[in-house]
Protein chains: 2
Amino acid sequence: MKKQQVIQGNNYSAIQVGNIHDIANYTLIHPKTGAELHKIFLKDKIGFTGMEISFQSLAAHEELPYFHTHIKNEEAYIILKGKGKFQVDNNCFDIEEGSVIRVSTPGKRSLANISDSEMVYMVIQTKEGSLEEYSGEDGRLAEVEKRW
Amino acid sequence: MKKQQVIQGNNYSAIQVGNIHDIANYTLIHPKTGAELHKIFLKDKIGFTGMEISFQSLAAHEELPYFHTHIKNEEAYIILKGKGKFQVDNNCFDIEEGSVIRVSTPGKRSLANISDSEMVYMVIQTKEGSLEEYSGEDGRLAEVEKRW
């Protein structure tokens, strides 16, 4: 797939976001703060119904210019590149590539890149408390002839 | 945070999974197929309530040794490294770093690394149809003194 190409099929859809160094090229204006963010949201692009996924880049020494809470949604932050600081309420801790952070709805959260190079991360939003079955428990083996 | 360290706080928790090259060192046995997978599930480790997140590595020319469907959960596959093929029912397409694939519950899915180097990806499970508000719509700005 080429960058930003979307494919739509029966039971699936897909998008090519680009490699990790491409995320900094996406731009959007935060509707409440007016901040220019280097971020791309995927839910509306490929039709997720149980989650929102976004990718975001923070330049060297850039911080997310606001704290926020959520009304219904749990969030996961997954650090894909770089190092920084994450804060929930008054608790601040180190993050780096491979850090996965869960934040409950009332947690006042933000993060900062405190390094001299880019930081890239994903955010996943889901409805808090909504998961009923998970991992292998919800799966069923199926027979299909492989086409690769 | 050190690798596999978990921190627990009020309104949050976090784990350090390691960098992308560490994923191959995780091992688990698939309960239904007996297959040895290089995979780590995170829900029970840091207490997600709306999602399951896993990281998985496929060695060069390794394929996931089964197809499967889901009963309740939508899945997202996010390719973090490498190149391969993804198949849903009888549709097979190319994937690579930056590909994000949504699969609905009935889609019979699997994937293969068809390259000479490692492939690493994430899978996110959420309850299909469960998201009510998303992106900025569910968020509220909050005031906290930053501690970084």
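Figured I'd write up the structure that's included with this text. (Residues numbered from 1 in each chain as written. Chains lettered and ligands numbered in written order. Predicted model: local features only at pLDDT ≥ 70, side-chain atom pairs only at ≥ 80, totals over all residues. Heavy atoms only, no water.)

A short note on the overall build of chain A
- When its secondary structure is counted, chain A shows one helix and 13 strands.
- Starting at the N terminus and walking to the C terminus, you meet the elements of chain A as β-β-β-β-α-β-β-β-β-β-β-β-β-β.
- When the backbone C-alpha atoms are referred to their principal axes, chain A occupies close to 50 × 35 × 30 Å.
- In chain A, which comprises 148 residues, the share counted as buried stands at 58%.
- In chain A, the proportion of contacts linking residues at least 24 apart, taken out of those at least 6 apart, comes to 57%.
- For chain A, the accessible area works out to roughly 6000 Å², and carbon and sulfur atoms hold 45% of it.
- Counting 17 positive and 21 negative side-chain charges, chain A places the averaged centre of each group 4 Å from the other. (Helix = DSSP H or I, 4+ residues; strand = E, 2+ residues; numbered from the N terminus. Buried < 20%, exposed > 50% of the residue type's maximum accessible area, 1.4 Å probe, protein only. Contact = heavy atoms within 4.5 Å. Areas by Shrake-Rupley, 256 points an atom, 1.4 Å probe, with all protein chains shown as cover. Lys, Arg positive; Asp, Glu negative; His and termini not counted. Charge placed at Lys NZ, Arg CZ, Asp CG, Glu CD.)

Some thoughts on the interface of chain B and chain A
- With 93 residues of chain B in contact, the opposing surface of chain A contributes 93 residues.
- Both faces combined, the contact of chain B with chain A buries some 8200 Å², and carbon together with sulfur accounts for 56% of it.
- The largest share of the area that chain B buries against chain A comes from Asn11, Arg102 and Trp148 of chain B, three residues that together contribute 10% of it.
- On inspection of chain B and its partner chain A, the count reaches six salt bridges.
- Remark: the boundary between chain B and chain A carries 64 residue pairs in polar contact (both at pLDDT 80 or more).
- Considering every element that reaches the side of chain B that touches chain A, the biggest residue donor is strand 7 (residues 73-81) of chain B, with six residues.
- Its residues assigned to classes, the side of chain B that touches chain A shows 37 nonpolar, 30 polar and 26 charged.
- Relative to strand 6 (residues 67-70) of chain B, strand 13 (residues 139-142) of chain A is paired through four bridges, and the arrangement is antiparallel. Across the sheet, Gly139 of chain A pairs through a bridge with His70 of chain B, a residue of strand 6 of chain B. (Buried area = accessible area lost by both parts, 1.4 Å probe. Salt bridge = Lys/Arg side-chain N within 4 Å of Asp/Glu carboxyl O. Polar contact = N/O pair within 3.5 Å; in protein donor to acceptor, adjacent residues only side chain to side chain. Nonpolar A, V, L, I, M, F, W, Y, C, P; charged D, E, K, R; others polar. Pairing = 2+ DSSP bridges.)

So, the pattern of salt bridges
- Considering all chains together, one arrives at 14 salt bridges over all chains under this definition.
- Lys81 of chain B is the partner of Glu118 of chain B in a salt bridge, and the nearest nitrogen-oxygen pair spans 3.7 Å. Here the residue Glu118 of chain B occupies a position in the loop between strand 11 (109-113) and strand 12 (119-127), and Lys81 of chain B occupies one in strand 7, the gap between them amounting to 37 residues.
- A relative accessible area of 17% places Glu118 of chain B in the buried class.
- Residues joined in a network through salt bridges with shared partners are Lys72 and Lys127 of chain A together with Glu132 of chain B.

Overview of the sheet that holds strand 10 (residues 99-103) of chain A
- Across the sheet, eight strands lie side by side as 3(A)-4(A)-5(A)-12(A)-7(A)-10(A)-2(B)-1(B); this open sheet has antiparallel pairing. Only two strands of the sheet have a single neighbouring strand rather than two, namely strand 3 (28-29) of chain A together with strand 1 (6-9) of chain B.
- Both strand 7 (residues 73-81) of chain A and strand 12 (residues 119-127) of chain A contribute to a ladder of eight bridges, which runs antiparallel. Bridging across to strand 12 of chain A, Tyr77 of chain A finds its partner in Val123 of chain A.

Description of the packing of aromatic side chains
- Scanning all chains against the criterion turns up ten aromatic pairs over all chains.
- Between the aromatic rings of Trp148 of chain A and Phe67 of chain B, the centroid separation amounts to 5.9 Å while the plane-to-plane angle is 10°, which identifies the pairing as stacked. Residue Trp148 of chain A is located in the segment after strand 13, and its partner Phe67 of chain B is located in strand 6; the two belong to separate chains.
- Judged by relative accessible area, which is 25%, Trp148 of chain A ranks as partly exposed.
- Positioned above the aromatic ring of Tyr134 of chain B is the side chain of Lys43 of chain A, whose terminal nitrogen or guanidinium carbon lies 4.1 Å from the ring centre. (Phe/Tyr/Trp six-rings, centres within 6.5 Å; stacked < 30°, edge-to-face > 60°. Lys NZ or Arg CZ within 6 Å of the ring centre and 35° of its normal.)

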